[in-house]
2 protein chains.
Amino acid sequence: MAEFDEALENRLGELTRETKDRGIPLMIVIEGPPASGKSRLANALYMALDAKYTNFMATRPPREIDLRYPFLQRFWNHLPKAGDINIHFRSWYAQYINYKSYGIKENIRTEYTDIRQDMENFEQMLTDSGYEIIKLYVDAPEEVRARHIQKLKDNPILKWKAEEFEEQLDKTDYIKEMKKFLDMLTGCPWTVIDFEDKEGAVNTLFSTVVERLEARLEQEDQTQDGSVDGDFTKKYEAEFFDFDFEDEKISGKDYKAILPDLQSRMREIQFQLYKEKVPLILVYEGMDAAGKGGNIKRIREHLDPTGYTVNATGAPTDVELLHHYLWRFAIDIPRSGHVAFYDRSWYGRVLVERIEGLASKQQWQQSYEEINAFEKSLYNSGAIIIKFFLSLDKDEQLERFESREDDPDKQWKLTDEDWRNREKWDEYVEASEDMIRKTHTAFAPWHVIPGNNKKYARITALKKVIETCEARLGISAKSGD
Amino acid sequence: MAEFDEALENRLGELTRETKDRGIPLMIVIEGPPASGKSRLANALYMALDAKYTNFMATRPPREIDLRYPFLQRFWNHLPKAGDINIHFRSWYAQYINYKSYGIKENIRTEYTDIRQDMENFEQMLTDSGYEIIKLYVDAPEEVRARHIQKLKDNPILKWKAEEFEEQLDKTDYIKEMKKFLDMLTGCPWTVIDFEDKEGAVNTLFSTVVERLEARLEQEDQTQDGSVDGDFTKKYEAEFFDFDFEDEKISGKDYKAILPDLQSRMREIQFQLYKEKVPLILVYEGMDAAGKGGNIKRIREHLDPTGYTVNATGAPTDVELLHHYLWRFAIDIPRSGHVAFYDRSWYGRVLVERIEGLASKQQWQQSYEEINAFEKSLYNSGAIIIKFFLSLDKDEQLERFESREDDPDKQWKLTDEDWRNREKWDEYVEASEDMIRKTHTAFAPWHVIPGNNKKYARITALKKVIETCEARLGISAKSGD
């Protein structure tokens, strides 16, 4: 029987204080078959780490409410911030196997392979932005596990836990499915820990984490600078902005005639989305004063407020800055059947953050794919995603700025920042075009709407939303049934 | 028919930008019988406010998970931070009536009157710390409501909403129960809005909010300074620290003999708490180096890590500072059946915040009652609350500091702050005594444990936890059943 290695525990403490200081977020995944001893190991690890910045997160059977969000929602919600540590006791792997074994389909749009892809993207996205993910599989021979179960059974207070283990073994393909994951060559690697006696297993666990952290810290010391230049050499093309703004108009009379019907229809659509539990995500981007807020208002006007939210995206808070940039959006997406408007969105990463140098070139370049993967995961959970880019020409913007300046009730809308952004007009055009080209996907398409005529833009957006939802809900455009 | 008053809407915008700037958190409660038109009013209000800092929160029938937390949990979770606005579409009032009508007892320990008291305390606590709570009741004559329902019924897509309204009217005593609340003379006052036509009702709603905000802002301008001195003149008494430290000891041999049995029993207790869905809250306070972490460790050692958390309370984050001081604790309390350790806690308000001047005298003085009310609400939801104060004498602290200083593996535990705190020893003693005297309640008692002998303190705490839980769970001290 091995002896507990106190020096190793001290070293682990030292290294995790170092990752805390350097702001490296750490996720330690512990998987393993029932009664393999993994809860004792996990507890030893939890106790060895500083409770100030260590969170213990266990997966559990999905609740009804979980099924109203994307598959990875709980992991997003509990993502560690810079320097913090998560111990994942069972993780997205066990959750995946549970879903698959029980045939849960409720927030899976197509196939389980999509969810597997979401999981891979999730890990990739996190490691790319500096997260350290250490995956451990605690295994034990069948007779050892049987002994653990028997011991529980002998105690009347603990007996039900043994029954739970047995049920898990009976009803899920955990061991078989995990085998496949362990054998995969892509993604973060697994370390298998054989549980024979507790002390030996704890030592193996601790030394695995210690080695990984030592390697990580050494690697960090050698890297000069985080901002590696990619081979991103897309040249400027103006294709998305070639609208003949003069032509896209609607008269005040027509507008007044059409709008109320569209708004009533939108209200019906909202109720139908709710009934069929389809989440609707509406993203608005565009130049300052392009009319995003007013456009959203026309869609909201007759909706039931208990079923929608408007997320106006401003500068991130201190806590948000300590997380992955998608985190603040991911924890706040609508549950099934609800509508969420985004007045600006996660695309700030490749617009303002790119232009103002708040993200490095490497960071914003890798964001296109991350955003696509993120939207794909929303799509996989059943969401309709519609993205509007409200375009507007430079003269029209100036006129709107000046009219805001002159109106005492609207002055507050115009800030110094708006003027500063205007000076970078060309950069915003270029960044917007790159964004649209790189993130225009079948599952989350962009619609560029000329915004010089506000009424035209509102009617166009409203029609597009209605039409997309009708197609998805399979309800005809005319009748209310 | 009234006309929509745009000037009023502009004034509302102006005032809420002012409350935003001044950091006043605003909660607007909208209640009213089904089909009274309140969702249209609420939407108008939502649209008139700036989406950047306005949240819309609807109550809904409780889910299973809600019943595993205190009654007010969801409202704590969504509490607006300084300057933000919450629109509560139905609120704790509707939730209370739902619980009562449906006879939901699951997270109610004693009587509904306790929950009513929790609600009153909640509002009081918030207004005392600067929250503005505006409560509106939207009423409509029965024939108007019947007309609204009929209109929904006529539309095949909206019909189910009408049925929901009718069910609410059938199955709950909403109108009768709300009447009682409206007639109450205590607490924040209600304004009744009669819905005849939408525009008129919107105008009334807006002007009510405008008047309340104007009054509030005027009052703020007149108040010189927030720190009013209370008549808190408790004199210093040393009663809680009169231990004969020499006597409270346990030998190493006895310790080793007793500890494993107590820890196994603690594990059984944990499983039983889980099975019976009783949450256990263990609060630790005490001087630096009093042995809180080590004491908690001995209790944790054999527990299942999926069922407990350790909350080590440090300085609040920026976002936390923008909330009520109890918020960060309230959103993180254990769900039923789980155990939460607090290595320092909300009592920081009356200890470090008092001593370092981070809370004004008025603030920390009113906190005793707020904390008692908070703990009472946890108790009302079924929790066992045990609070330990680990005492220690000044010489012993010095010895422990010096031994940490000499041990390379423990140096990190000793910070400059520890030395600074030590200089304020007498102030901490006084604050601790006041705290214990003012917050020692039947539902959340303090246990002062002499901590000079760590082994004695650990065994004493462990025994106290086991004994308290056994009594509550009704399991005998000896057997496992």
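From a predicted model like this one, the values you see are computed outputs, not experimental measurements.

A. Molecular detail of the overall build of chain A. Of the regular secondary structure elements, chain A holds 19 helices and ten strands. Reported as C-alpha extents along the three principal axes, the dimensions of chain A are approximately 85 × 55 × 40 Å. Relative to its full complement of 481 residues, chain A shows a buried share of 56%. Across chain A, contacts joining residues at least 24 apart in sequence account for 83% of those joining residues at least 6 apart. Accessible area of chain A: about 21,200 Å², with a carbon and sulfur share of 46%. Charge centroids of chain A, computed over 69 positive and 89 negative side chains, lie 5 Å from each other.

B. Focus on unusual backbone geometry. Positive phi, close to 65°, is recorded for Ala-289 of chain A, a residue that is not glycine. One can find Ala-289 of chain A in the loop between strand 6 (280–286) and helix 11 (292–300). Ala-289 of chain A sits in the buried class, given a relative accessible area of 8%. Even without glycine at this site, Arg-90 of chain B takes up a positive phi of about 55°. Mapping Arg-90 of chain B onto the fold places it in the loop between strand 3 (85–89) and helix 4 (92–102).

C. Local environment of the interface of chain B and chain A. Every contact between the two is made by 52 residues of chain B and, on the other side, 52 residues of chain A. Roughly 4,900 Å² is buried in total at the junction of chain B and chain A, and carbon and sulfur atoms are behind 61% of that figure. Among the residues of chain B in contact with chain A, Met-47, Ile-157 and Trp-160 of chain B are the three that bury the most area, contributing 14% of the side total. Between the two partners, chain B and chain A, sit two salt bridges. Lys-161 of chain B is the partner of Asp-304 of chain A in a salt bridge, and the nearest nitrogen-oxygen pair spans 3.9 Å. Between chain B and chain A we count 18 residue pairs in polar contact (both at pLDDT 80 or more) in total.

D. Spotlight on the domain arrangement of chain A. Residue and element names in this part refer to chain A. For chain A, the assigned domains read domain 1 (6–221) and domain 2 (239–473). Computed from C-alpha atoms alone, the centre-to-centre distance between domain 1 and domain 2 is 38 Å. With 24 residues of domain 1 at the contact, the number on the domain 2 side is 26 residues. Roughly 2,200 Å² is buried in total at the junction of domain 1 and domain 2, and carbon and sulfur atoms are behind 55% of that figure. The tally of links from domain 1 across to domain 2 stands at one salt bridge.

E. Geometry of the relation of the copies chain B and chain A. Take chain B, turn it by 180°, move it 0.0 Å along the axis, and it overlays chain A with an RMSD of 0.0 Å. The two molecules are tied by a two-fold rotation axis, judged by turn and shift.

F. Spatial organisation of helix 5 (residues 112–128) of chain A. All names here are of chain A. For helix 5, spanning 17 residues, the distance from its first C-alpha to its last is 24 Å, which sits close to the expected 24 Å at 1.5 Å a residue. Looking at the buried residues of helix 5, the elements they touch are strand 1 (26–31), helix 3 (73–77), helix 4 (92–102), strand 4 (132–139), helix 8 (174–183) and helix 15 (361–380). One or two steps after helix 5, the chain reaches Gly-130, where phi turns positive at roughly 100°.

G. Main features of the side chain of Gln-397 of chain B. Residue and element names in this part refer to chain B. Turning to its location among the elements, Gln-397 is positioned in helix 16 (residues 394–406). At 2.8 Å, the side chain of Gln-397 forms a polar contact with the side chain of Arg-422. In contact with Gln-397, other than residues within four places in its own chain, are Met-287, Asp-288, Ala-289, Leu-392, Arg-422 and Trp-425.

H. View of the sheet that holds strand 2 (residues 54–58) of chain B. Residue and element names in this part refer to chain B. Here five strands make up an open sheet; going across it, the order is 2-3-1-4-5 and the pairing parallel. The sheet is open, and its two edges are formed by strand 2 and strand 5 (190–194), each paired on a single side. Mean inter-strand twist for the sheet, computed between neighbouring axes without regard to direction, equals 20°. As paired strands, strand 1 (residues 26–31) and strand 4 (residues 132–139) are joined by six bridges and run parallel to one another. The residue bridging Ile-28 from the neighbouring strand is Ile-134, located in strand 4.

I. Spatial organisation of the environment of Ser-377 of chain A. Residue and element names in this part refer to chain A. With respect to the helices and strands, the residue Ser-377 is situated in helix 15. Classification of Ser-377 by relative accessible area gives buried; the value is 13%. Remark: the alpha-carbon pair of Ser-377 and Met-119, spanning 258 residues in sequence, is separated by 9.2 Å. Excluding residues that lie within four positions of it along the chain, Ser-377 makes contacts with Pro-70 and Asp-118.

J. View of the UniProt feature "domain: Polyphosphate kinase-2-related" (unreviewed entry) in chain A. What UniProt calls "domain: Polyphosphate kinase-2-related" (unreviewed entry) maps, in this numbering, to residues 7–218 and 250–471 of chain A. Summarising residues 250–471 of chain A: 54% helix, 14% strand, and an end-to-end C-alpha distance of 25 Å.

K. Quick peek at the packing of helix 2 (residues 38–48) of chain A against helix 9 (residues 198–222) of chain A. Residues and elements named next belong to chain A. At a minimum axis distance of 10 Å, the contact between helix 2 and helix 9 shows a crossing angle of 55°. In this view, helix 2 runs oblique relative to helix 9, as classed from their interaxial angle. Crossing hand, helix 2 versus helix 9: right-handed. Residues Arg-40, Leu-41, Ala-44, Leu-45 and Ala-48 of helix 2 pack against Lys-198, Ala-201, Val-202, Leu-205 and Phe-206 of helix 9. Of the residues in the contact of helix 2 with helix 9, the class split is eight nonpolar, no polar and two charged.

L. Region of the structure containing the confidence of the model for chain A. A residue-level look at chain A finds 93% of positions with pLDDT of 70 or above and a mean pLDDT of 90. Within chain A, the element-level pLDDT minimum falls on helix 7 (residues 159–171) of chain A, averaging 87, and the maximum on strand 1 of chain A, averaging 98.

M. Spotlight on the environment of Gly-291 of chain B. All names here are of chain B. Here Gly-291 shows up in the loop between strand 6 (280–286) and helix 11 (292–300). A residue is classified by how much of its surface remains accessible, and Gly-291, at 21% relative accessible area, is partly exposed. In sequence terms Gly-291 and Asn-453 are 162 residues apart; their C-alpha atoms lie 9.3 Å from each other. Excluding residues that lie within four positions of it along the chain, Gly-291 makes contacts with Leu-390 and Arg-400.

N. Inspection of a positive patch on the surface at higher detail. A contiguous patch of positive charge on the surface is contributed by Lys-256, Lys-410, Lys-413, Lys-454 and Lys-455 of chain A. Tracing the chain through its elements places Lys-413 of chain A in the loop between helix 16 (394–406) and helix 17 (416–423).

O. Geometry of the pattern of salt bridges. Residues and elements named next belong to chain A. One pass over the full model with this rule turns up 66 salt bridges over all chains. In this structure, the salt-bridge partner of Arg-344 is Asp-288, at a minimum N-O distance of 2.7 Å. Placement of Arg-344 in the loop between strand 8 (339–343) and helix 14 (352–355) and of Asp-288 in the loop between strand 6 and helix 11 is noted, with a sequence separation of 56 residues between them. We classify Asp-288 as buried; its relative accessible area is 13%. The structure contains a network of salt bridges with shared partners spanning Glu-18, Arg-22, Glu-132, Arg-212, Arg-216, Glu-220 and Asp-221.

Conventions used here
Residues numbered from 1 in each chain as written. Chains lettered and ligands numbered in written order. Predicted model: local features only at pLDDT ≥ 70, side-chain atom pairs only at ≥ 80, totals over all residues. Heavy atoms only, no water. Helix = DSSP H or I, 4+ residues; strand = E, 2+ residues; numbered from the N terminus. Buried < 20%, exposed > 50% of the residue type's maximum accessible area, 1.4 Å probe, protein only. Contact = heavy atoms within 4.5 Å. Areas by Shrake-Rupley, 256 points an atom, 1.4 Å probe, with all protein chains shown as cover. Lys, Arg positive; Asp, Glu negative; His and termini not counted. Charge placed at Lys NZ, Arg CZ, Asp CG, Glu CD. Buried area = accessible area lost by both parts, 1.4 Å probe. Salt bridge = Lys/Arg side-chain N within 4 Å of Asp/Glu carboxyl O. Polar contact = N/O pair within 3.5 Å; in protein donor to acceptor, adjacent residues only side chain to side chain. Domains from an automatic or database assignment. Least-squares fit on C-alpha atoms with pLDDT ≥ 70 in both. Expected span 1.5 Å × (residues − 1). Pairing = 2+ DSSP bridges. Axes fitted to C-alpha atoms, helices over the stretch in contact; angles between N-to-C directions. UniProt positions renumbered as here; feature names shortened; annotations may be inferred. Parallel < 35°, antiparallel > 145°, perpendicular 65-115°, else oblique. Left-handed = near helix turned anticlockwise from the far one by under 90°. Nonpolar A, V, L, I, M, F, W, Y, C, P; charged D, E, K, R; others polar. pLDDT = per-residue confidence, 0-100. Patch = residues over 30% accessible without salt bridge, like charges linked within 9 Å, V, L, I, M, F, W, Y side chains within 5 Å.

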